[in-house]
Amino acid sequence: MVQIAPSILSADFANLARDIDIVARGGAHALHVDVMDGHFVPNISIGIPVVQALKMTTRLPLDVHLMIENPERFVPDFVKAGADLLAVHVEACPHIHRVITMIKSSGVKAGIALNPGTPLGSLSEILHMVNFVLIMSVNPGFGGQSFIPDSIDKIRRLSNVIHSRDLNVTIAVDGGVSENNAADLVTAGARLLVAGSSIFKSSDPAEAVRRLIAITHPIGSSHT
Ligand code: DX5
Ligand code: ZN
């Protein structure tokens with residue numbers, strides 16, 4: 001099954017509860033929450049209190065994407081705040097094995113995010129430990145950037161590795177995801193699609209979610 005996770009980075013921050021309700025009515029499966037520290041990425045977004053507030057507002061699982069340096073310092077806080085999935089960047093963690101172990105022992109789903117320029121090989125010693133891999137299809141830091149087409153081949157290669165090692169790891173993709181590339185991404189092996197601007201900047205965000213579901217579900221079910 002393919003899951004759609006709208007990224008609230010492109011929502012109206014003054015009306016988050018309203019915007020979340022809209023995408024929930026469209027059938028969104030999770031909410032993607034982008035945390036940026038102004039160091040790992042050249043932007044600052046939101047943090048622990050907002051995750052806490054979102055948890056009170058929605059029953060959708062919170063998929064928290066940490067774009068911060070030394071994320072291990074804050075893993076317990078984000079778990080406590082209500083993250084259901086927690087992704088850290090391999091580029092931000094010299095002790096990635098320890099961080100993934102920490103996330104998993106907290107009882108939330110552990111993910112590892114990869115920038116577009118980071119090779120899949122950086123996952124080899126850790127792939128069997130994670131619940132999901134978040135393939136960045138833009139250089140992280142901002143919503144509304146153009147999708148990097150090479151990401152499709154990267155997802156295909158990762159999917160082959162996961163199958164050849166007989167692992168149970170979900171491929172997520174984040175950045176520039178829209179109706180134009182959703183089918184190709186799912187065919188390549190992605191099963192969790194994060195989409196910000198293509199949903200929240202559309203004239204009807206609930207309908208945008210429905211359309212992404214309609215495009216991806218038939219392909220996702222026939223390939224799994
Ligand atoms: C980028 C973030 C993304 C972003 C996606 O740094 O990690 O989650 O919100 O936004 P779009 O879908 O507009 O590229
Ligand atoms: Zn993200």
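Residues numbered from 1 in each chain as written. Chains lettered and ligands numbered in written order. Predicted model: local features only at pLDDT ≥ 70, side-chain atom pairs only at ≥ 80, totals over all residues. Heavy atoms only, no water.

Visitor: Would you take a moment to explain the environment of M136 for this structure?
Guide: Looking at where M136 falls in the secondary structure, it is placed in strand β6 (residues 132-136). The exposure class of M136 is buried, given its relative accessible area of 3%. When neighbours within four sequence positions are excluded, M136 is seen to be in contact with H65, H89, L114, N115, P116, S151 and D174. (Helix = DSSP H or I, 4+ residues; strand = E, 2+ residues; numbered from the N terminus. Buried < 20%, exposed > 50% of the residue type's maximum accessible area, 1.4 Å probe, protein only. Contact = heavy atoms within 4.5 Å.)

Visitor: Can you help me understand the coordination of the zinc ion (ligand 2) in this one?
Guide: For a metal bound by four donors in tetrahedral geometry, the ideal donor-metal-donor angle is 109.5 degrees, whereas six donors in octahedral geometry ideally sit at 90 or 180 degrees. Only H32 (NE2), D34 (OD), H65 (ND1) and D174 (OD) from the protein reach the zinc ion (ligand 2) as donors, at distances of 2.0 to 2.3 Å. Note that the zinc ion (ligand 2) binds six donor atoms; their angles at the metal cover 71 to 172 degrees, and the shape is octahedral. The sequence motif formed by the donor residues of the zinc ion (ligand 2) is H-x1-D-x30-H-x108-D. Taken together, the positions of D34 in strand β2 (residues 31-36) and H65 in strand β3 (residues 62-67) put the pair 31 residues apart, joining distant regions of the chain. Overall, D34 belongs to the buried group, its relative accessible area being 6%. We classify H65 as buried; its relative accessible area is 0%. (Donors = N, O, S within 2.8 Å, 3.2 Å for Na, K, Ca; no water. Tetrahedral: all angles 85-135°; square planar, octahedral: opposite > 155°, others 65-115°.)

Visitor: Any chance you could explain helix α1 (residues 16-25) here in plain terms?
Guide: In an α-helix, one full turn covers 3.6 residues, which means residues spaced three or four apart are oriented alike. Within α1, the full set of buried residues consists of L16, D19, I20 and V23. Here the buried residues of α1 occupy an arc of 100 degrees about the axis, which is enough to place them on one side. Positive backbone phi, approximately 105 degrees, marks G27, located one or two places after α1. (Arc of directions from axis to C-beta.)

Visitor: Can you help me understand the sheet that holds strand β8 (residues 192-195) in this one?
Guide: Sheet strands pair via backbone hydrogen bonds, and the direction of the pair is either parallel or antiparallel. Spatially, the eight strands line up as an open sheet ordered β1-β8-β7-β6-β5-β4-β3-β2, and their pairing is parallel. One side of each edge strand has no neighbouring strand; the edge strands of this open sheet are β1 (3-6) and β2. Each strand axis lies, on average, 25 degrees off the axis of its neighbour in the sheet, ignoring direction. Both β6 and strand β7 (residues 170-174) contribute to a ladder of five bridges, which runs parallel. Each residue of the ladder has a partner; that of I135, found in β7, is V173. (Pairing = 2+ DSSP bridges. Axes fitted to C-alpha atoms, helices over the stretch in contact; angles between N-to-C directions.)

Visitor: What is the right way to read the site of ligand 1 from this model?
Guide: Close contacts around ligand 1 come from 19 residues, with S7, G141, D174, G196 and S197 the closest. Within the contact set of ligand 1, an oxygen atom lies 2.8 Å away from a side-chain nitrogen or oxygen of D34. S197 is positioned such that a nitrogen or oxygen atom in its side chain is 2.6 Å from an oxygen atom of ligand 1. Bound to the protein, ligand 1 loses 100% of the 380 Å² it would expose on its own. (Near = heavy atom within 4 Å. Polar contact = N/O pair within 3.5 Å; in protein donor to acceptor, adjacent residues only side chain to side chain. Areas by Shrake-Rupley, 256 points an atom, 1.4 Å probe, with all protein chains shown as cover.)

In short, the description is geometric, and any link to function would need to be established separately.
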